[in-house]
Amino acid sequence: MHMPSLRTKILPLVIFVLSLAVLPASPQEHKPAGHWMNASLSPDERAALVVKEMTLDEKISLLHGTGMVGLSPMSPLSVKSNGGAGYVVGIPRLGIPAIQISDAAYGVRQSGENGRYSTALPANVAGAASWDLDAAYEYGALIARELRAQGYNMSLGGGVNLTREPRNGRTFEYMGEDPILAGKMVGQVMRGEQAEHVIGDIKHYALNDQESGRNAVNVNIDKRSMRESDLLAFEIGLRESNAAAVMCSYNRVHGDYACDNQYLLTDVLKKDWNFKGFVVSDWQATHSTAKASAAGLDHEEPGEIFYGDAMKKAVESGKVPMAEVDDHVHRILRSMFASGVVDDPPQKSVVDVIGGFEVAQNIEEQSIVLLRNEHAQLPLDASRASSIAVIGAHSDVGMISGGGSAQVDPPGGNAIMPPGQGRTFWQAHIWFPTSPLKAIRAQAPHANVQYDPGTDAAAAVALAKKADVAIVFAYQWESEGMDLENLSLPERQDDLIAKVAAANPHTIVVLETGSPVTMPWADQVSGILEAWYGGSRGADAVARVLFGEVNPSAKLPITFPKSDADLPHPSIVKPPRKSTTNGGSDEWKIIAAGLPAFQITYDEGLKVGYKWYDAEHKQVLFPFGYGLSYTTYNYSDLKVTPGKSVRVSFKVTNTGNRAGAEVAEVYAALPQSAGEPAKRLVGWSKVKLNAGESKEVAIDVDPEYLSIFDVESNGWQLIPGSYELMVGGSSQSLPLKETVNLK
Ligand code: BGC
């Protein structure tokens, strides 16, 4: 959540003075106590022992945060916060530490204002483009190491809302349009985080698919579609990782706010999926006490409007049963034990900056998608290009990053402002100081590499005309709290690219975007790279791909349509005026009370992303799962063996003359009677192959991935009949096919 400047200066002082009267002189947060400290007991046994010892006040203190400046009233206890988005007091007398929570989507947030350092990884959507489970694990592990070094023990990351609406301003924070890809990738990120003893959190549950009117909107969608798409991503993510926390989202679903929603929180999450962790509300997404508690919300953030005194009164008057409170508390405590934050509390320490940069660069190198490469324009040969024009998007100094609560502060400040400007501000465009110009010069030390800002197309064209190769950097910024009007590049960049391409037949476009963009010039340029938001070392990764030190291996986790008109909805539904707030000092009260609903109906249902374009027979610009390489691959020898899980085996051969890694994708078409979209991704493997090498690949397909969700019996069902399994390098290039009967 953003923090208006309101009260920022005076409030902390007032709180500090107040706190002196409230706090014990030297609280001992981690003092061991009781036999729940016996680590050989299970997390549930340990939690149950603690709950028995707790007073009602202590229980309630675990059910809420202590406030966030400008968002809700602040508790005097908030002075002990580590400076992150949330702080939950511990129970020192029982040896239960505080929960120090930070946003950490693609790196740890708020380092600037806290005088710390954190690495920016490539945006989450980029991570998904790697299709690399090990990279995703390392993504999470790096975030967790840096959280712990800064004194945090809980992360808010793990965004996995499916891209139903690519104009959503948070598309960069999510993992694309396919539930199995997104679910498995977010699961790995969470596994990486929790292995480092940080409480992981998956968000925003559920269907918070646009930012416009997010505190008011009511989402309508049929149950089967949500279970098979949007919710499936969460289901898989949780199953793969046992992430300890789930954040319920701002919006309403079927009439109830997500954090008041019995179906989402209890029926599905806690019963059907057997989720043992706790549900935390998004910041200011709690709207009630008894209703939310009964629906399954365990913890309110950031403050205590509904889960503080109001909860105590509700318990005392019998409106909320003590057993319900005990369950909330048990879930929080068992998550703390299970994730290791009690036995191994974080120690503030030095962040491994150099190591972080290397991980960030490595992941970006696996995430850059080569979209077009006419006449093998790429990789560039440094010994042959004597002049290179580098144009646009501040590529002399930096690369853009995604904004909002995901924002990571760059060391040295924003690259397009004087250095050292300190913290970043809500929705400022933040350019990381990773210079494509410098990185290209380093790759081609003997070439004459010149820069033009691209603000005057005529000047850019003049430079491009004189050069052997023109590389145009183009960007589309996005952030929490806004949506894109459309998928076009802003600031006349389409015009710039078209003009440069007309002037130089060797024009390469490098995109820095968080969503797909339309490309009216696509046929006129010789190369296109999608670099996403590339993180702390984006420029080095891009340059290494451009010059062939890295062979691109990423594939799109999201379809790039030809035009906005091809999307399921012509435009984002905007809230009527009464469903918005004015951002004044009473905003938190208005939001807590609940804004009048407006409706969004996802009537495309199951047809999310590629499933939509398939069904509508719409040609796309670049399909889901697509991405080129500097080598070529051949697929052969498909064998499909039905069994408990269906085994799909085949051979992939690198038929070119350089080493590479191919994401081999498996799709299934279900029997017609299932009433499903034409095909769905059911598995993949990223296969490393030397030039000329072949490998056998075997993928066991989870039967759930071949099933449909049957609403009547409330369960997954494999429809007996004939299934076509298809294998290849993109959702639209599937040379191997075999049909099997499954029962
Ligand atoms: C965002 C969450 C974030 C929280 C805390 C909210 O506005 O939706 O993703 O974790 O704020 O900053």
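The shown structure was predicted, so the numbers you read here are calculated from the model rather than taken from an experiment.

Novice: Looking at this structure, how should I read the overall build of the protein?
Specialist: Along the backbone of the protein there are 19 helices and 29 strands. Whereas a compact globule of 743 residues would reach a radius of gyration of roughly 27 Å, the protein reaches 26 Å, a difference of no more than 12%. Taking the principal axes of the C-alpha coordinates as reference, the protein spans close to 75 × 65 × 50 Å. By the burial criterion, 64% of the 743 residues in the protein qualify as buried. Accessible area of the protein: about 26100 Å², with a carbon and sulfur share of 51%. One finds the centroid of the 66 positive side-chain charges in the protein at a distance of 1 Å from the centroid of its 86 negative side-chain charges.

Novice: Help me out: how do you make sense of the sheet that holds strand 29 (residues 736–742) in this one?
Specialist: For sheets, the rule is that strands pair by backbone hydrogen bonds, running either parallel or antiparallel. With antiparallel pairing, the four strands of this open sheet are ordered in space as 24-23-28-29. Edge positions in the open sheet fall to strand 24 (680–689) and strand 29, since each of these has one partner strand only. When the angles between neighbouring strand axes are averaged without regard to direction, this sheet yields 20 degrees. Note: strand 28 (residues 721–728) against strand 29, seven bridges, orientation antiparallel.

Novice: Even after reading the chapter, I still don't get the pattern of salt bridges, so can you show me in this structure?
Specialist: Two side chains of opposite charge can pair, provided their charged atoms sit close to one another. A full pass over the atoms with the stated rule returns 43 salt bridges. Between Glu 676 and Arg 224 there is a salt bridge; the shortest N-O distance is 2.5 Å. Of this pair, Glu 676 sits in the loop between strand 23 (660–669) and strand 24 while Arg 224 is found in helix 7 (residues 223–228), placing the two residues 452 residues apart along the sequence. Judged by relative accessible area, Glu 676 falls into the buried class, the value being 18%. Residue Glu 676 pairs with Arg 680 through a salt bridge whose shortest N-O separation is 2.8 Å. Exposure remark for Arg 680: the relative accessible area of 10% places this residue in the buried category. Residues joined in a network through salt bridges with shared partners are Arg 170, Glu 173, Glu 211, Arg 214 and Glu 480.

What counts and how
Residues numbered from 1 in each chain as written. Predicted model: local features only at pLDDT ≥ 70, side-chain atom pairs only at ≥ 80, totals over all residues. Heavy atoms only, no water. Helix = DSSP H or I, 4+ residues; strand = E, 2+ residues; numbered from the N terminus. Rg over C-alpha atoms; globule rule 2.2 N^0.38 Å. Buried < 20%, exposed > 50% of the residue type's maximum accessible area, 1.4 Å probe, protein only. Areas by Shrake-Rupley, 256 points an atom, 1.4 Å probe, with all protein chains shown as cover. Lys, Arg positive; Asp, Glu negative; His and termini not counted. Charge placed at Lys NZ, Arg CZ, Asp CG, Glu CD. Pairing = 2+ DSSP bridges. Axes fitted to C-alpha atoms, helices over the stretch in contact; angles between N-to-C directions. Salt bridge = Lys/Arg side-chain N within 4 Å of Asp/Glu carboxyl O.

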